[in-house]
Amino acid sequence: MIDVKTAVKLARDYFAKVYPNEIHTFQDVQLEEVELSEDESTWLVTIGFSRPLPLDSFSKNAPEFLRQYQRDYKVFRIDAQNGKVRSMKIRAV
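Chains are numbered independently. Their residues run from 1 in the order of the written sequence. Reporting of local features is limited, given that this is a predicted model, to residues whose pLDDT is at least 70; pairs of side-chain atoms are given and counted only at 80 or more, and all residues count toward the totals for whole chains, interfaces and linings. Only hydrogens and water are removed before side-chain values are computed, so all heavy atoms of the structure are retained for them.

Caption draft 1: Summary view of the nonpolar core. Residues grouped as a nonpolar core are buried Ala, Val, Leu, Ile, Met, Phe, Trp, Tyr and Cys residues, joined through side-chain atoms within 4.5 Å. Exposed residues in this analysis have more than 50% of their type's maximum accessible area, buried residues have under 20%, and partly exposed residues fall in between, with area computed by a 1.4 Å probe over protein chains only. Membership of the largest hydrophobic core comes to 14 residues, with the highest contact counts inside it found for Ala-7, Ala-11, Phe-15, Trp-43, Val-45, Phe-76 and Ile-78. In this description a helix means any DSSP run of H or I spanning at least four residues, a strand means any run of E spanning at least two, and both kinds are numbered starting from the N terminus. Mapped by element, the contributors of at least two residues to this core are α1 (4–18), β2 (42–52) and β3 (69–79). Between two residues, a contact is recorded if the distance between any of their heavy atoms is within 4.5 Å. Excluding anything up to four places from it in sequence, Phe-76 contacts Ala-11, Tyr-14, Phe-15, Trp-43, Leu-44, Val-45, Ile-47, Val-85, Ser-87 and Met-88.

What follows is the structure, given as structure tokens:
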């Protein structure tokens, strides 16, 4: 069985592979939650990140520190035996 640190690393690596072009625009990427299922077959790893909201005509000219961001969360379901990422889903806030 893989341990929690391995599960988190697998989720982070998968996240970076899925968003290779966008990853540099995300802010505050961090681990939010980790849970081992009751039957110990699956790790659920939640990663939170802030993504910039689309620019409108006003915000195009605004300084970067006024840029608005939206907080999103992804839940990764990882097989606890072999470490395969089985799914990535949006977690509702």
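Caption draft 2: Seen up close, the side chain of Ser-87. By the secondary structure assignment, Ser-87 is in strand β4 (residues 85–90). Beyond its immediate chain neighbours, meaning those up to four positions away, Ser-87 contacts Val-75, Phe-76 and Arg-77.

Caption draft 3: Just the environment of Thr-6, in detail. Its location among the elements puts Thr-6 in helix α1. Of the residues examined, Thr-6 reaches a relative accessible area of 33% and is grouped as partly exposed. The spatial distance from the C-alpha of Thr-6 to the C-alpha of Gly-83 is 8.0 Å, given a sequence separation of 77 residues.

Caption draft 4: The pairing of β3, seen in detail. Note that β2 and β3 share 11 bridges and pair antiparallel. If you follow Pro-52 over to β3, its bridge partner there is Tyr-69. Of the pairings in the sheet, the one linking β3 to β4 comprises five bridges and is antiparallel in character. Across the sheet, the residue bridging to Arg-77 is Ser-87, located in β4. Pairing between strands is defined by DSSP: at least two bridges between the two strands are required. The antiparallel pairing of β3 with β4 creates a hairpin that spans five residues between the two strands, and Gly-83 there sits at a positive phi of about 80 degrees.

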